[in-house]
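Take a look at the letters that make up each chain.
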Amino acid sequence: MSHPFLKIFDAALKKSTPMDNVVLKEAEKLKEKGYSAHEIYTVLSKFRQSLISDRDNEIATEAIEEFEAYI
(Lines give C-alpha, C1' and ligand atoms only; values in the text may rest on other atoms or scores of the structure.)
Protein backbone atom coordinates (compact mmCIF):
# COMPACT_ATOMS: atom_id res chain seq x y z
CA MET A 1 0.00 0.00 0.00
CA SER A 2 1.40 3.38 -0.93
CA HIS A 3 1.69 6.27 1.46
CA PRO A 4 -1.06 8.92 1.16
CA PHE A 5 1.55 11.67 0.79
CA LEU A 6 2.71 10.11 -2.48
CA LYS A 7 -0.53 11.13 -4.20
CA ILE A 8 -0.14 14.66 -2.90
CA PHE A 9 3.46 14.89 -4.10
CA ASP A 10 2.62 13.37 -7.48
CA ALA A 11 -0.16 15.91 -8.08
CA ALA A 12 2.13 18.71 -6.92
CA LEU A 13 4.89 17.58 -9.26
CA LYS A 14 2.56 17.94 -12.23
CA LYS A 15 1.92 21.57 -11.23
CA SER A 16 5.58 22.37 -10.50
CA THR A 17 7.94 24.36 -12.67
CA PRO A 18 11.66 25.01 -12.15
CA MET A 19 10.70 28.41 -10.67
CA ASP A 20 7.71 27.22 -8.61
CA ASN A 21 8.30 24.04 -6.60
CA VAL A 22 4.80 22.98 -5.60
CA VAL A 23 6.17 19.72 -4.13
CA LEU A 24 8.06 21.73 -1.51
CA LYS A 25 4.99 23.86 -0.82
CA GLU A 26 2.87 20.76 -0.25
CA ALA A 27 5.51 19.24 2.05
CA GLU A 28 5.54 22.45 4.09
CA LYS A 29 1.72 22.45 4.26
CA LEU A 30 1.80 18.90 5.62
CA LYS A 31 4.31 19.97 8.27
CA GLU A 32 2.12 22.93 9.24
CA LYS A 33 -0.80 20.51 9.68
CA GLY A 34 1.26 18.71 12.31
CA TYR A 35 2.70 15.76 10.41
CA SER A 36 6.19 14.63 11.36
CA ALA A 37 8.95 16.34 9.40
CA HIS A 38 10.89 13.08 9.45
CA GLU A 39 7.95 11.17 7.93
CA ILE A 40 7.47 13.80 5.22
CA TYR A 41 11.19 13.76 4.43
CA THR A 42 11.24 9.96 4.22
CA VAL A 43 8.28 9.89 1.83
CA LEU A 44 9.84 12.68 -0.29
CA SER A 45 13.03 10.63 -0.58
CA LYS A 46 11.13 7.51 -1.66
CA PHE A 47 9.11 9.61 -4.08
CA ARG A 48 12.27 10.95 -5.72
CA GLN A 49 13.63 7.43 -6.16
CA SER A 50 10.55 6.50 -8.19
CA LEU A 51 11.01 9.31 -10.72
CA ILE A 52 12.45 8.79 -14.18
CA SER A 53 12.43 12.25 -15.78
CA ASP A 54 15.43 14.48 -15.08
CA ARG A 55 13.13 17.49 -14.71
CA ASP A 56 10.96 15.70 -12.15
CA ASN A 57 14.02 14.43 -10.32
CA GLU A 58 15.47 17.96 -10.10
CA ILE A 59 12.25 19.36 -8.65
CA ALA A 60 12.01 16.56 -6.07
CA THR A 61 15.69 16.93 -5.18
CA GLU A 62 15.25 20.66 -4.62
CA ALA A 63 12.23 20.00 -2.40
CA ILE A 64 14.21 17.46 -0.34
CA GLU A 65 17.19 19.78 0.04
CA GLU A 66 15.00 22.67 1.16
CA PHE A 67 12.91 20.49 3.49
CA GLU A 68 16.05 19.16 5.23
CA ALA A 69 16.09 22.38 7.24
CA TYR A 70 13.12 21.03 9.23
CA ILE A 71 14.89 17.84 10.26
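Structure first, text after, so check above.
Now for helix α1 (residues 4-15). Listed as buried for α1 are F5, F9, A12 and L13. Take α1 and look down its axis: the buried residues cluster within an arc of 105 degrees, on one side only. Along α1, the residues that are exposed and aim more than 90 degrees away from the buried face are P4, K7, K14 and K15. In the core, the buried residues of α1 are packed alongside α2 (22-32), α3 (37-49) and α4 (54-67).

For any pair of aromatic rings, geometry is given as the distance between the ring centres together with the angle between the planes. A full pass over the atoms with the stated rule returns four aromatic pairs. Ring geometry for F9 versus F47: centroids 6.1 Å apart, planes at 50 degrees, classification tilted. Of the two residues, F9 sits in helix α1 while F47 sits in helix α3, which places them 38 residues apart along the sequence. Taking relative accessible area as the criterion, F9 reaches 0% and is therefore assigned buried. For F47, a relative accessible area of 4% corresponds to the buried category. What links up through ring pairs into an aromatic cluster is the set F5, F9, Y35 and F47.

About the criteria used
Residues numbered from 1 in each chain as written. Predicted model: local features only at pLDDT ≥ 70, side-chain atom pairs only at ≥ 80, totals over all residues. Heavy atoms only, no water. Buried < 20%, exposed > 50% of the residue type's maximum accessible area, 1.4 Å probe, protein only. Helix = DSSP H or I, 4+ residues; strand = E, 2+ residues; numbered from the N terminus. Arc of directions from axis to C-beta. Contact = heavy atoms within 4.5 Å. Phe/Tyr/Trp six-rings, centres within 6.5 Å; stacked < 30°, edge-to-face > 60°.

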